[in-house]
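Coordinate analysis (summary)
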Amino acid sequence: MATYGIGRVVERTLEGRARGGEHSLRPLLFLGALWFCLFFALLFLVVLVATTLLDGAARLDLRLFTEFPASAPERAGARPAILGSLWVILATAIMAIPLGIAAAVHLEEFSNQKNWFNRFIEVNIQNLAAIPSIVYGMLTLSALALLGIANKNMVWVGALALAMLILPVIIIATREALRAVPLEIRQGSLALGATPLQTTLRNTLPAAIPGIATGTILALSRALGEAAPLLLLGGLVYLTFDPNGFASGYTTMPIQIFNWTGRPQDGFHELAAATSILLLVLLVAMNAVAIVIRNKFQKRW
Amino acid sequence: MVIHTAVRTGASLPDRPYGQLECEHVDVYYGSFRAVTDVSLPFGIHEVTALIGPSGCGKSTLLRSLNRMNDLIDGARVDGRVTFMGEDIYGKRVDAIEVRRRIGMVFQKPNPFPKSIYDNIAYGPRVNGMRVDDMGDLVEEALTKAALWDEVKDKLKQSALGLSGGQQQRLCIARTIAVKPDVILMDEPCSALDPIATAKIEDLMHELRDEYTIVIVTHNMQQAARVADRTAFFTAQVDETSGDRTGVLVEFGKTAQIFENPQDQRTEDYISGRFG
């Protein structure tokens, strides 16, 4: 009797599922649509990567790293652009990371969050993160004009624009990393007689470093792939020497790619594709490092 | 394990405690809300004082006002006087940092720092700039006093987050001891622990009583009866006109008296399980 009762209940439930459940037409259609969207997005990526690889593989040799740009594609390489990218990213990191972390620490740990001015800043940092990169190029350009600096093609000038571009991203990532550190950790530190500054520097900030590192690396990889503001700041030059300092002239990989794609000869298009592969590998490597850091240190309490 | 003496009673405990830490007509506000009203209470030197009472009666709030941890909450304010060795800890020239060093605190949830066991203990002395001849000795001493040394002596460099909950809580007690405070405040230190870990912490309190003044907030009346020399019973009083709830001190006395011979009907009702 009892068994029969339970059996009936189960039967009815299963039947109910079958009518509007996961094997009926509508959910299957929806699932199919989702898979199609995913497929479509992946298709673009695969085509893009595959054509770039096919075009550029032939020129992905040592010459790309050792040669300077030249009028004949077979003698040309991206050496100054590669070095330039490294210099610019280094300068960007030096400017943006300390400033971004310090700003985030102030906003998260010390400022009064109820103060209207601080809330105004907070909203605007979110806005800044969404501003098109070329605007930062224009901003830097007008700042240089005000300062009367005529020579724009310097590593630190490009880095300044990129630093402003990624500063909001670093601030937001750092704040989130700090917020993930439990309040109890801060209280424990303060209850031992540590000052708020000691608590931040010795406890909260070190605990947040994995999150900060992840966000910062992702931000730097965005800066590495950026061309627009640098084009505006005179990064598009024909360089026949190695960039060798923060005040040196420079060009970067994205700009070099932009330059070469605009040339009529096929050889330059191959070079552009080869440089794209290199840039792609660098970006994937940086993102991989960020992901490894995130996974390794994820949730320690 | 050493068998500890039970709660001190009768003759070994003076009738009036010598209050190392004392509340005098203390009100605690959060903004305009008065969480605790007019509490006067001495915490006897080298005694364990338990604060008991139903949820929302302000005992944790009161505890947090004893070492100015309430300062960290926006809008929290203390009226009246809290004196430590006769000095008002809310006085103008008093440094809250120094107050917290002298009056340590152990929290409800174990909160070890995401550092090694060694660094957890060494953290307090380091941030306080204490002159320490040999940090290793100090770490050993603190861990020994917290009855944790034997369990962790071979893994001092390992992360404190790998310890069990009970070990973590004893580590937090060791960390507090390491800065050599005079008073240790404990905010329901066993509520997140299993009975065995709880028993270890309770044993520990009996030992620590010889050197420190201890104030413990607990929801567990048996625990208060087991560890406390004196007990203060709080309840939430509802204002007839405004309907606001506020915590008030109902009765304070030796633990044996509170549990065996309560003077106030509300205490008796609570202890016999009739409310709360």
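Every chain's residues receive numbers from 1 upward, in the order its sequence appears when written. Labels are handed out in written order, letters beginning with A for the chains and numbers beginning with 1 for the ligands. For this predicted model, a pLDDT threshold of at least 70 governs which residues receive local features, and a threshold of 80 or more governs which side-chain atom pairs are given and counted, while totals over whole chains, interfaces and linings are taken from all residues. Note that the side-chain values use all heavy atoms of the structure and ignore hydrogens as well as water.

We now examine a nonpolar patch on the surface. A surface patch of nonpolar side chains, about 840 Å² in accessible area, is lined by Leu28(A), Phe30(A), Leu31(A), Leu34(A), Trp35(A), Leu38(A), Leu42(A) and Leu45(A). Every helix listed is a DSSP run of H or I at least four residues long, and every strand listed is a run of E at least two residues long, numbered separately from the N terminus. By secondary structure assignment, the location of Leu28(A) is in helix α2 (residues 25-56). Residues enter patches when their relative accessible area tops 30% and they take part in no salt bridge; the joining distance is 9 Å for like charges and 5 Å for the nonpolar side chains Val, Leu, Ile, Met, Phe, Trp and Tyr. We get accessible surface area from the Shrake-Rupley algorithm with a probe of 1.4 Å; when it comes to residues, only the shown protein chains can shield them. By definition here, a salt bridge exists when the distance from a side-chain nitrogen of Lys or Arg to a carboxyl oxygen of Asp or Glu is within 4 Å.

With that settled, consider the packing of helix α3 (residues 117-127) of chain B against helix α6 (residues 165-178) of chain B. All names here are of chain B. A fitted line through C-alpha atoms serves as each axis, taken over the contacting stretch for helices, and the angle formed by two N-to-C directions is quoted from 0 to 180°. Where α3 meets α6, the axes come as close as 7 Å, and the angle between the chain directions of the two elements is 30 degrees. As α3 packs across α6, the resulting crossing turns out to be right-handed. Listed contacts from α6 to Ile 117, Asn 120, Ile 121 and Pro 125 of α3 are Leu 171, Ala 174, Arg 175 and Ala 178. The residue classification treats Ala, Val, Leu, Ile, Met, Phe, Trp, Tyr, Cys and Pro as nonpolar and Asp, Glu, Lys and Arg as charged. All others, Gly included, are polar. Taken together, the residues that form the contact of α3 with α6 break down as six nonpolar, one polar and one charged. A clockwise turn of the near helix away from the far one marks a right-handed crossing, whereas an anticlockwise turn of less than a right angle marks a left-handed crossing. What makes two residues a contact is simply this: any of their non-hydrogen atoms within 4.5 Å.

The interface of chain A with chain B comprises 21 residues on the first partner and 26 residues on the second. Both faces considered, chain A and chain B share a buried interface measuring about 1,900 Å² in area, 60% of it formed by carbon and sulfur atoms. Once two parts are brought into contact, the accessible area they lose, counted with a 1.4 Å probe and summed over both, makes up the buried area. Three residues, Ala191(A), Leu192(A) and Arg202(A), lead the burial of chain A against chain B; their summed loss comes to 34% of the area buried on that side. Where chain A meets chain B, there are one salt bridge. In this structure, Lys114(A) engages Asp74(B) in a salt bridge whose closest nitrogen and oxygen atoms are separated by 3.6 Å. A 3.5 Å cut-off defines polar contacts: any pair of N or O atoms within that distance qualifies, except that in protein one atom must be a possible hydrogen donor and the other a possible acceptor, and neighbouring residues in sequence count only when both atoms are side-chain atoms. At the junction of chain A and chain B, the tally comes to six residue pairs in polar contact (both at pLDDT 80 or more). Elements supplying a minimum of two residues to the side of chain A that touches chain B: α8 (183-191) and α9 (196-224) of chain A. The leading source of residues in the side of chain A that touches chain B is α8(A), at seven residues. A breakdown of the residues in the side of chain A that touches chain B according to their chemical character gives eight nonpolar, nine polar and four charged.

We now examine the pairing of strand β8 (residues 213-217) of chain B. Residues and elements named next belong to chain B. Type-normalised accessible area, obtained with a 1.4 Å probe on protein chains alone, sets the label of each residue: buried when under 20%, exposed when over 50%, and partly exposed for intermediate values. Summarising burial for β8: five of the five residues are buried, a large majority. Residues Thr 213, Val 215 and Val 217 of β8 are buried on one face, and the alternating residues Ile 214 and Ile 216, pointing to the opposite face, are buried as well. Each pair of strands is called paired provided DSSP finds at least two bridges between the two strands. Direction of pairing for strand β7 (residues 183-187) relative to β8: parallel, over a ladder of five bridges. Note that in β8 the partner of Ile 184 across the bridge is Ile 214. Seen with its strands pointing away from the viewer, a crossover is right-handed if its path from the first strand over the helix to the second goes clockwise. Following the chain from β7 across helix α7 (residues 195-208) to the adjacent parallel β8, one finds a crossover that is right-handed.

Quick look at the confidence of the model for chain B now. All names here are of chain B. Per-residue confidence from the prediction method is given by pLDDT, with values spanning 0 to 100. Summary statistics for chain B give a mean pLDDT of 89 and a share of 95% for residues scoring 70 or more. Mean pLDDT values over the elements of chain B span from 89, in helix α10 (residues 265-271), up to 95, in β8. Predicted confidence for residues 1-5 stays below pLDDT 50, and this span has six contacts to residues more than four positions away or in other chains.

All names here are of chain A. Taken as a whole, chain A is organised into domain 1 (17-58) and domain 2 (60-296). Computed from C-alpha coordinates alone, the two centres of domain 1 and domain 2 are separated by 32 Å. Every contact between the two is made by seven residues of domain 1 and, on the other side, eight residues of domain 2. Between domain 1 and domain 2, the buried area comes to about 530 Å², and carbon and sulfur atoms account for 69% of it. The tally of links from domain 1 across to domain 2 stands at zero salt bridges. Our enumeration of links across domain 1 and domain 2 arrives at two residue pairs in polar contact (both at pLDDT 80 or more). Residue composition of the side of domain 1 that touches domain 2, by class: four nonpolar, two polar and one charged. Each domain span listed reflects an automatic or database assignment of domains.

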